[in-house]
Amino acid sequence: MRERISMLSSDGHTVLKGYLWTPDHGKVKAVVQLVHGMVEYIYRYNEFANYLVEQGYVVVGYDHLGHGASVEKEELYGYFAEHNGHNLLVKDMRKLYNRMKRKYKEIPYFILGHSMGSFLLRRYLLLYGKEGLTGAIIMGTGKQPLPIALLGVGLTKLIKKRKGDKFRSSFINNMAFGGYNRKMKEKRTDKDWLSRDTNKVDLYISHPWCNFIFTVSAYEDLFRTLCSVEKWGNLKRMPKDLSILLISGEADPVGNYGKGVKKLYHQYVSLGLEDVRLTLYKEDRHEILNELDRQQVYEDIQKWIEKRI
């Protein structure tokens, strides 16, 4: 069963819209909270959520600030907040977790974050990873050098000061995404890097909720998140006994074609994490839940969760 849900954001005024997927019968095995990426929306995960529901899981997620159905005015697409948007995004994740935990008190709890959601999840783990989570699935992530992330913060702050927090900079947007299609041999669209499934790519391109540029303030929030998850002092707070699955496509430019994900894996191992696993799909691009072999990806994620319940 799928039902619409809503939740007041930590900003105090935005109503976040989302979905709750629940099995029609049988015992609930676990709760899986979904954290979507930038310039998309939670209903894009409907197929994956339905698969998990069939296996006995409860699935929940919402559209972030500045995304999808949570946006009331067009000017707010790709905009989080005037100040500290990066903190609000993680607080919203925690707010939904607390809400779900009140209902499913003794049920194992997992969070899956994709792309931008993976970086938000990594920051969430530094802040709240020791508080009630069974495991985390970090999907479509990358390893951004701290100096580059700091440069991004500096540039966006400078542009924001001159142009305003809702200004949309094609320069910053190209800096973030410009090279992602570079290795595509036959370029059909500028979003080919998302998936080999052309139908999924076309659906993405055609949807208005996937066609906007982040504001400079939102890019600043994104770069601040990247800084947070790369600082060594912060990384020492990673919970050692939390199960973590790093899962990505080997042809994903966000993860530097697997290299960045492997670096993150080795970093987590060096930190002493007891149960961290790495899975890379050889020809898959960025959105492995929308790839040609997505059924295999669904099954692998479900089996990983099942073993940790």
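These figures come from a predicted structure and were not determined experimentally.

Undergrad: Would you mind showing me how to read the packing of helix H3 (residues 116-128) against helix H7 (residues 216-230) here?
TA: Geometrically, a packed helix pair is captured by the angle between its two axes and the distance between the axes. Close contact between H3 and H7 brings their axes to 9 Å; oriented N to C, the two are set at 45°. One element, H3, and the other, H7, form an angle in the oblique class. When you trace H3 past H7, the crossing you get is left-handed. Within the contact between the two elements, H3 uses Met116, Phe119, Leu120, Arg122, Arg123 and Leu126 and H7 uses Leu222, Thr225, Leu226, Ser228, Val229 and Glu230.

Undergrad: When you look at the pairing of strand S3 (residues 30-35) in this model, what are you seeing that I'm missing?
TA: Within a regular strand, the side chains alternate between the two sheet faces. With 6 of 6 residues buried, S3 is to be regarded as a mostly interior element. Burial of the side chains of S3 extends over both faces: Ala30, Val32 and Leu34 are buried on one face and Val31, Gln33 and Val35 on the other. Relative to strand S4 (residues 57-62), S3 runs parallel, the two being bridged by 5 bridges. Within S4, the residue paired with valine 31 across the bridge is valine 58. Of the crossover connections in this fold, the one passing from S3 over helix H1 (residues 46-54) to the parallel S4 is right-handed. Pairing of S3 with strand S5 (residues 109-114), which is carried by 5 bridges, proceeds in the parallel orientation. Of the residues in S5, the one forming a bridge with leucine 34 is leucine 112.

Undergrad: Explanation requested: the packing of aromatic side chains in the structure shown.
TA: Given two aromatic rings, their pairing is described by the distance between the two centres and the angle made by the two planes. One pass over the full model with this rule turns up 15 aromatic pairs. For the pair tyrosine 41 and tryptophan 209, a centre-to-centre distance of 5.3 Å together with 80° between the ring planes defines the contact as edge-to-face. On the criterion of sequence distance, the pair formed by tyrosine 41 in the loop between S3 and H1 and tryptophan 209 in the loop between helix H6 (198-206) and H7 is long-range, its members being 168 residues apart. Ring plane angle 55° and centroid distance 5.2 Å describe the contact between phenylalanine 48 and tyrosine 298, whose orientation is recorded as tilted. Pair noted here: phenylalanine 48 is in helix H1 and tyrosine 298 is in helix H10 (residues 294-307), with a separation of 250 residues, a long-range link. On the accessibility criterion, tyrosine 298 (1% relative accessible area) is buried. Every member of this aromatic cluster is reached through a ring pair, and the members are Phe80, Phe214, Tyr219 and Phe223. Lying across the ring of phenylalanine 167, lysine 163 places its NZ or CZ 5.5 Å from the centre.

Undergrad: How should the side chain of aspartate 192 be read in this particular structure?
TA: Along the polypeptide, aspartate 192 turns up in the loop between helix H5 (170-177) and H6. The charged side chain of aspartate 192 is buried without a salt bridge, its nearest counter-charge being arginine 188 at 4.4 Å. Ignoring sequence-local partners within four residues, the contact set of aspartate 192 consists of Asn181, Met184, Glu186, Lys187, Val201 and Arg285.

Undergrad: How should the pattern of salt bridges be read in this particular structure?
TA: If the charged atoms of two oppositely charged side chains come close together, the side chains can form a pair. Scanning the entire structure with this criterion turns up 19 salt bridges. Salt-bridge contacts for glutamate 291 lead to arginine 196; the nearest nitrogen and oxygen are separated by 3.0 Å. With a gap of 95 residues between them, glutamate 291 in the loop between strand S8 (276-281) and H10 and arginine 196 in the loop between H5 and H6 connect regions that are remote in the sequence. Residue arginine 196 is classed as partly exposed on the basis of its relative accessible area, which comes to 22%. Arginine 277 is paired through a salt bridge with aspartate 275; the nearest N and O atoms lie 3.3 Å apart. Here arginine 277 falls in the partly exposed class, since its relative accessible area comes to 42%. Aspartate 275 gets classed as buried once you look at its relative accessible area, which sits at 14%.

Undergrad: Just to check I follow, could you spell out the environment of phenylalanine 177 for this structure?
TA: Inspection of the secondary structure assignment puts phenylalanine 177 in helix H5. For the pair phenylalanine 177 and valine 254, spaced 77 residues apart in sequence, the C-alpha separation works out to 9.0 Å. Among residues more than four places away in sequence, those in contact with phenylalanine 177 are Met38, Trp193 and Tyr219.

Undergrad: Just checking my understanding: could you explain H10 for this structure?
TA: In an α-helix there are 3.6 residues to a turn, and that puts residues three or four apart on one side. For H10, with 14 residues, the first-to-last C-alpha span of 20 Å sits near the 20 Å given by 1.5 Å per residue. Those residues of H10 not exposed but buried are Arg294, Val297, Tyr298, Ile301, Gln302, Trp304 and Ile305. Buried residues in H10, looked at end-on, bunch into an arc of 160°, giving them a common side.

Undergrad: Looking at this model, I keep getting lost on a positive patch on the surface. Mind explaining?
TA: A surface patch of like charges, here positive, comprises Lys157, Lys161, Arg162 and Lys163. By secondary structure assignment, the location of arginine 162 is in helix H4 (residues 146-163). By relative accessible area, which is 67% here, arginine 162 ends up exposed.

Undergrad: Sorry, what's going on with the sheet that holds strand S2 (residues 15-21) here?
TA: Neighbouring strands of a sheet are bound in pairs by backbone hydrogen bonds; such pairs are parallel or else antiparallel. A sheet is described by the order of its strands in space; here 8 strands give the open sequence S1-S2-S4-S3-S5-S6-S7-S8, paired in mixed fashion. Among the strands making up the open sheet, the edge pair consists of strand S1 (2-8) and S8. Adjacent strand axes in the sheet meet at a mean angle of 20°, parallel and antiparallel pairs treated alike. The sheet contact formed by S2 and S4 spans 4 bridges and is antiparallel. Counted as the bridge partner of tryptophan 21 is valine 59 from S4. Contacting S1, S2, S3, S4 and S5, H1 runs over the sheet at an angle of about 155° to S4. Contacts from H10 reach S3, S4, S5, strand S6 (135-139), strand S7 (243-249) and S8, with the element oriented near 155° to S6.

About the cut-offs
Residues numbered from 1 in each chain as written. Predicted model: local features only at pLDDT ≥ 70, side-chain atom pairs only at ≥ 80, totals over all residues. Heavy atoms only, no water. Axes fitted to C-alpha atoms, helices over the stretch in contact; angles between N-to-C directions. Helix = DSSP H or I, 4+ residues; strand = E, 2+ residues; numbered from the N terminus. Parallel < 35°, antiparallel > 145°, perpendicular 65-115°, else oblique. Left-handed = near helix turned anticlockwise from the far one by under 90°. Contact = heavy atoms within 4.5 Å. Buried < 20%, exposed > 50% of the residue type's maximum accessible area, 1.4 Å probe, protein only. Pairing = 2+ DSSP bridges. Right-handed = clockwise from strand over helix to strand, strands pointing away. Phe/Tyr/Trp six-rings, centres within 6.5 Å; stacked < 30°, edge-to-face > 60°. Lys NZ or Arg CZ within 6 Å of the ring centre and 35° of its normal. Lys, Arg positive; Asp, Glu negative; His and termini not counted. Salt bridge = Lys/Arg side-chain N within 4 Å of Asp/Glu carboxyl O. Expected span 1.5 Å × (residues − 1). Arc of directions from axis to C-beta. Patch = residues over 30% accessible without salt bridge, like charges linked within 9 Å, V, L, I, M, F, W, Y side chains within 5 Å. Areas by Shrake-Rupley, 256 points an atom, 1.4 Å probe, with all protein chains shown as cover. Charge placed at Lys NZ, Arg CZ, Asp CG, Glu CD.

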